[in-house]
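# Summary of the model geometry
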Amino acid sequence: MSSPPDLAVDLGGIALRNPVLTASGTFGYGTELAPWIDLRRIGGIVSKSLTLRPRHGNLPRRIAETPAGMLNAIGLENVGVDAFLEEKLPALPDGVPVIASLFGTEIGEYRAVAERLSECDRVAGLEINASCPHVKAGGIEFGQDPGHLARLVREVRRATRLPLLVKLSPNVTDIARMAQVCEGEGADAIALINTLQALDVDVETRRPVLRNVLGGLSGPAIRPVALRMVFQAARAVSIPVCGIGGIETGEDAVKFLLCGATAVQVGTANYLDPAAALRVVEGIAEYCRRAGVASVRELVGGIELPAG
Amino acid sequence: MRAEPGEPLRARARVLENRREGPSHLRLRLAVPGFGGFSPGQFAMLSPGPLTPSRDPLLPRPMAIYRCEGEGAPDPVVEILYKVHGRGTAALAAAREGEVLGLVGPLGRGFPLPAEGEGAILVGGGTGIASLLELARRAAARGPVEVLLGARAESELMGLGDFEALDLALHVATEDGSRGRRGRVTALLPDALARAPGAAVYACGPTPMMRVAAERAAAAGRPVRASLENPMACGFGVCLGCAAPLRGGGFALVCRDGPVFDAAAVDWDRMA
Ligand SMILES: Cc1cc2nc3c(=O)[nH]c(=O)nc-3n(C[C@H](O)[C@H](O)[C@H](O)COP(=O)(O)OP(=O)(O)OC[C@H]3O[C@@H](n4cnc5c(N)ncnc54)[C@H](O)[C@@H]3O)c2cc1C
Ligand SMILES: Cc1cc2nc3c(=O)[nH]c(=O)nc-3n(C[C@H](O)[C@H](O)[C@H](O)COP(=O)(O)O)c2cc1C
Ligand code: FES
């Protein structure tokens, strides 16, 4: 019998036992799913995005199903960075890499959250959520403007020595450019995609389905768009890429690796099955066995493109 | 793996029976190995998973656990009573005997039972009726119980026969008058409150119904435990999609902090 495939990867300085993380906002603070999943068997956890102070979210209705996907407008609800450090983080088992996602409505808030998180050695890395509306820039997402994005990454980079991931907004025309901006400002890795801006309408009431009007689309419906963006971003930078979007199975994850991702995050699929991330890990191992792949790292960027 | 009583399982639930009982509602009987029991008002997330390889519909649907036979035994049977609304419940309705659904549950915090001898009044409308059968059964062992059920028409009164089989006083209202009093179920409440001045009051049904029930009971100085039916994506506190606004600001998660709440704590004006 052949030895089991080597699943370990390095994501911008974060050593992961396998390439499967859980996506921000889809796995709470990690403890909620403990009854159903052994956290030490997945690659790691990305926390719900954290702000300086606790925040309440939007009024209902906050979620709705769409074809093979869902819309959400939760509205930044989170416990705040202090409660995360004092209550949530200590409740997680040792040996589970925890990446803390952070955001703010201004760059100063991002920087302050990053500083607080960097004081704690239980945090393995930071992930900037760049899909947050920038209050001072009239509500446009930080990640939608290369200038804002560059300033944001630069300032947070100064505030932390932890491995720094930047999670990109897909609501842009040129994703490769955004990836390059992050690399240029010292990000250790990029993660993509966050949700796609979307809308649904109830024809009976003629109202938007979500109270917030616009929401973010996630789930299997966005997978081909996410793959395309990962493919384009990975070819534009030399830092590692973490692929996100509609991943439910090992084969879905392998597609992202082939398109250039070093690791992946599982999001909406956690709602369907709290052990979804573990099934993805097992599915990747199964693929490697079947395809005779000794290390998952061999798959990264291995897409075979037509000649010419 | 056997769950402790009430411990939430992630299980493959095999369909034993999925029988139409009215123009739009069905009774689903599921074999759920390891299911260790539940408290009344708790729910499960049911995903049609294997039935929709196209992942459309995608999300699991929250359903009250209607009752359970043989809990703690090797082969417990979980019963769900549900109404076909939209695409998810239509997919459930297509499930055949022997097919397997994903089930996560029991989830949430159920109804606190009335004190010994206290008595109870249960108000149920529409699909909310399904959350009340087990509560009615357990409350009836502790004191007198009055159940008030409402629907558009007699044929839409889910589980009526199961309530009739219990030792309690049953009152019905239908909007078309095909059974019981014509009108809404909440119209039955003031009389019930007067008949049973000490009884604990419980409600589950559409938001406007629960709101009116809460207001009528509050006018009589009586608190109400209401079980909310907000849309959910996960059912276990991680998506934050099910939030219910609280009076005085902030939100509670219906799946984790509820689905049962003190009706006076809910900000009904700001509910969806
Ligand atoms: C704790 C809890 C317990 C429940 N128990 C039962 C039960 O025992 N039996 C039962 O039949 N139903 C129950 N429900 C309601 C049930 O979950 C919804 O009817 C179901 O999710 C609708 O799915 P669908 O695919 O049919 O409709 P969809 O296609 O998802 O939606 C159809 C229409 O209904 C609206 N809608 C969807 N979900 C809800 C909702 N939860 N509340 C209000 N409007 C909604 C949508 O906006 C849309 O307009 C319960 C809900 C909760 C939260
Ligand atoms: C309900 C919900 C809440 C989310 N919250 C956050 C968040 O707080 N921060 C963030 O960076 N991404 C958030 N996301 C985006 C996911 O992390 C992920 O990027 C996106 O859903 C695409 O992946 P998926 O298709 O696997 O879900 C959220 C997604 C959903 C569905
Ligand atoms: S349904 Fe996801 S948090 Fe309640």
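Quick caveat: nothing in here was measured; it's all calculated off a predicted structure.

### Some remarks on the overall build of chain A
- Per the secondary structure count, chain A includes 8 helices and 16 strands.
- In terms of overall size, chain A behaves like a compact globule, its C-alpha atoms giving a radius of gyration of 18 Å where 308 residues would be expected to give roughly 19 Å.
- In terms of its C-alpha atoms, chain A occupies a principal-axis envelope of roughly 55 × 50 × 45 Å.
- When the 308 residues of chain A are sorted by exposure, 60% land in the buried category.

### Side note on the domain arrangement of chain B
Residue and element names in this part refer to chain B.
- Segmentation of chain B into domains returns domain 1 (9-107) and domain 2 (120-270).
- Taking only C-alpha atoms into account, the centre of domain 1 sits 22 Å from that of domain 2.
- Each side of the interface is counted separately: domain 1 has 23 residues, and domain 2 has 22 residues.
- Summed over both partners, the interface of domain 1 with domain 2 buries about 1900 Å², with 64% contributed by carbon and sulfur atoms.
- At the junction of domain 1 with domain 2, the criterion picks out 2 salt bridges.
- Of the charged contacts in the structure, one is a salt bridge between Arg-67 and Asp-162, with a shortest N-O distance of 3.6 Å.
- Joining domain 1 to domain 2, the criterion identifies 3 residue pairs in polar contact (both at pLDDT 80 or more).
- Only strand E2 (25-31), strand E3 (43-47), strand E4 (61-64), strand E6 (77-83) and strand E7 (100-107) provide two or more residues apiece to the side of domain 1 that touches domain 2.
- Sort the elements by how many residues they give to the side of domain 1 that touches domain 2 and E6 lands first, with 3 residues.
- Split by residue class, the side of domain 1 that touches domain 2 holds 15 nonpolar, 4 polar and 4 charged.

### A few points about the packing of helix H2 (residues 107-118) of chain A against helix H3 (residues 146-159) of chain A
Residues and elements named next belong to chain A.
- Relative orientation of the contacting elements H2 and H3 amounts to 30°, with a least axis distance of 8 Å. Between H2 and H3, the crossing angle belongs to the class labelled roughly parallel. Along this stretch, H2 crosses H3, giving a crossing that reads as right-handed. Contact residues: Ile-107, Tyr-110, Arg-111, Ala-114, Glu-115 and Ser-118 in H2; Arg-151, Leu-152, Glu-155, Val-156 and Ala-159 in H3.

### Let's talk about the site of ligand 1
- Residues in close proximity to ligand 1 total 22 residues, the closest being Arg-61 of chain A together with Pro-62, Gly-86, Gly-88 and Thr-89 of chain B.
- Ligand 1 sits at a junction of chains, with neighbouring residues supplied by chains A and B.
- Taking Gly-88 of chain B, its main chain carries an N or O atom lying 2.5 Å from an oxygen atom of ligand 1.
- At 2.3 Å, a side-chain N or O of Thr-89 of chain B approaches an oxygen atom of ligand 1.
- Residue assignment for the shell around ligand 1 shows that the elements contributing at least two residues are E4, E6 and helix H1 (87-93) of chain B.
- The element contributing the most residues to the shell around ligand 1 is E4 of chain B, with 4 residues.
- Taken together, the residues of the shell around ligand 1 break down into 11 nonpolar, 6 polar and 5 charged.
- A domain split of the shell around ligand 1 shows at least three residues from each of domain 1 (9-107) and domain 2 (120-270) of chain B.

### Structural notes on the side chain of Ser-169 of chain A
Residue and element names in this part refer to chain A.
- Examined against the element boundaries, Ser-169 turns out to sit in the loop between strand E9 (164-167) and helix H4 (175-184).
- Within the structure, the side chain of Ser-169 is placed 2.5 Å from the side chain of Glu-141, a separation counted as a polar contact.
- Only 3.1 Å separates the side chain of Ser-169 from the backbone nitrogen of Asn-171, close enough to count as a polar contact.
- When neighbours within four sequence positions are excluded, Ser-169 is seen to be in contact with Ser-131, Glu-141, Gly-143, Gln-144, Ile-175 and Asn-194.

### A closer look at the sheet that holds strand E5 (residues 63-66) of chain A
Residues and elements named next belong to chain A.
- Spatially, 4 strands are ordered E5-E6-E14-E11 in an open sheet, and the strand pairing comes out antiparallel. The two strands at the open ends of the sheet, each matched to only one other strand, are E5 and strand E11 (196-198). Across the sheet, the mean angle from the axis of one strand to that of its neighbour is 35°, orientation sign disregarded.

### Focus: the interface of chain A and chain B
- Chain A puts 36 residues into the contact, and the matching count from chain B is 32 residues.
- Summed over both sides, the interface of chain A with chain B buries roughly 2800 Å², with 66% coming from carbon and sulfur.
- One salt bridge in this structure joins Glu-248 of chain A and Arg-55 of chain B, with 2.9 Å as the shortest N-O distance.
- In this assembly, chain A and chain B are joined by 8 residue pairs in polar contact (both at pLDDT 80 or more).
- Broken down by secondary-structure element, the contributors of at least two residues to the side of chain A that touches chain B are E5, strand E6 (69-72) and helix H7 (269-272) of chain A.

### Here's the deal with the nonpolar core
- If you look at the biggest cluster of nonpolar residues, it comprises 157 residues, and the most contacted ones within it are Leu-117, Leu-168, Ile-190 and Leu-192 of chain A.
- Here this core spans two domains, since at least three of its residues come from each of domain 1 (9-107) and domain 2 (120-270) of chain B.
- Counting residues in hydrophobic clusters, the runner-up holds 26 residues, among them Tyr-66, Leu-133, Val-147 and Tyr-202 of chain B.

About the criteria used
- Residues numbered from 1 in each chain as written.
- Chains lettered and ligands numbered in written order.
- Predicted model: local features only at pLDDT ≥ 70, side-chain atom pairs only at ≥ 80, totals over all residues.
- Heavy atoms only, no water.
- Helix = DSSP H or I, 4+ residues; strand = E, 2+ residues; numbered from the N terminus.
- Rg over C-alpha atoms; globule rule 2.2 N^0.38 Å.
- Buried < 20%, exposed > 50% of the residue type's maximum accessible area, 1.4 Å probe, protein only.
- Domains from an automatic or database assignment.
- Contact = heavy atoms within 4.5 Å.
- Buried area = accessible area lost by both parts, 1.4 Å probe.
- Salt bridge = Lys/Arg side-chain N within 4 Å of Asp/Glu carboxyl O.
- Polar contact = N/O pair within 3.5 Å; in protein donor to acceptor, adjacent residues only side chain to side chain.
- Nonpolar A, V, L, I, M, F, W, Y, C, P; charged D, E, K, R; others polar.
- Axes fitted to C-alpha atoms, helices over the stretch in contact; angles between N-to-C directions.
- Parallel < 35°, antiparallel > 145°, perpendicular 65-115°, else oblique.
- Left-handed = near helix turned anticlockwise from the far one by under 90°.
- Near = heavy atom within 4 Å.
- Pairing = 2+ DSSP bridges.
- Core = buried A, V, L, I, M, F, W, Y, C linked by side-chain atoms within 4.5 Å.

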